[in-house]
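Reading the structure
Here is how the chains run, residue by residue.
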Amino acid sequence: MNQEIEIEFKNLLTKEEFIKLTNLFSIKDTEFITQENHYFDTADFSLKANGAALRIRHKNGKYVLTLKQPAEQGLLETHESLSSEEAQDILKTNQIKKGAISHILLTQFGISAEDLKHFGTLATSRAETNYMEGTLVLDHSNYLNKEDYELEYEVTDYSIGQENFMNLLKELNIPTRQTDNKIKRFYNAKFKK
């Protein structure tokens, strides 16, 4: 298990803006890596109600279970590596193994492993590049017969990161758009159906 604070800024993009950014930062198609996020919550969305999220990410042949919780700035992420067999078992049974995340779910949210439900999968093609003391991330996501394009900027300092991100959008004439995180966009699409 490991924990980290995630501070990131995000903005939805049009396909044209996405292409413009890939060209500007000389990102080749071969630099995009596909990852899958499998989302879990309780039937009554207890995690979502508390601003938290639980997922298994499959990327580069590795599986990681991640719990995201609100922090003073950004999100506190708790990660546990999973074997392929453990990940497949969770996807079949909806029950996570005993560990730090199951302990946090029970003690902080009152959620036991039996309460979890797998709600679906979002696939993202992602490329990253260094940009002014942070990491710029370009995402093309597909889920529930929808697709979207997104720019993320991951930083360690909130104020500097926000300034750099807003300046980049302004320089490129990309409007600031209200951008929910991926899990919220996924759930919004799922429950509109």
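A brief report on the enclosed structure follows. (Residues numbered from 1 in each chain as written. Predicted model: local features only at pLDDT ≥ 70, side-chain atom pairs only at ≥ 80, totals over all residues. Heavy atoms only, no water.)

**Focus: the pattern of salt bridges**
Using the criterion set out here, one finds 15 salt bridges in the structure. In this structure, the salt-bridge partner of K68 is E6, at a minimum N-O distance of 3.2 Å. Placement of K68 in strand β4 (residues 62-70) and of E6 in strand β1 (residues 2-13) is noted, with a sequence separation of 62 residues between them. Summarising the burial analysis for this pair, K68 and E6 share the class buried. (Salt bridge = Lys/Arg side-chain N within 4 Å of Asp/Glu carboxyl O. Helix = DSSP H or I, 4+ residues; strand = E, 2+ residues; numbered from the N terminus. Buried < 20%, exposed > 50% of the residue type's maximum accessible area, 1.4 Å probe, protein only.)

**Brief notes about the pairing of strand β3 (residues 53-59)**
β3 sits mainly inside the fold: five of its seven residues count as buried. Where strand β2 (residues 33-42) lies against β3, six bridges are found, and the strand directions are antiparallel. From the neighbouring strand, N37 faces β3, where its bridge partner is R57. Pairing between β3 and β4: seven bridges, direction antiparallel. Note on β4: the bridge partner recorded for I56 is L65. Counted along the chain from β3 to the antiparallel partner β4, the turn is two residues long, and its residue N60 has a positive phi close to 50 degrees. (Pairing = 2+ DSSP bridges.)

**Some details on helix α5 (residues 158-171)**
Counted at 1.5 Å a residue, the expected span for α5 with its 14 residues is 20 Å, and the 20 Å between its end C-alpha atoms agrees. Along α5, the positions that sit buried rather than exposed are G161, N164, F165, L168 and L169. Taken down its axis, α5 places every buried residue within 130 degrees of arc, on the same side. For α5, exposure combined with an orientation more than 90 degrees from the buried face picks out S159, E163, K170 and E171. In this fold, the buried residues of α5 make contact with β1, β6 (116-131), β7 (134-143) and β8 (146-155). (Expected span 1.5 Å × (residues − 1). Arc of directions from axis to C-beta. Contact = heavy atoms within 4.5 Å.)

**Structural notes on the packing of aromatic side chains**
Inspection of the entire model under this criterion finds 16 aromatic pairs. An aromatic cluster is present here, built from Y39, F45, F119, Y143, F186, Y187 and F191 joined pairwise through their rings. (Phe/Tyr/Trp six-rings, centres within 6.5 Å; stacked < 30°, edge-to-face > 60°.)

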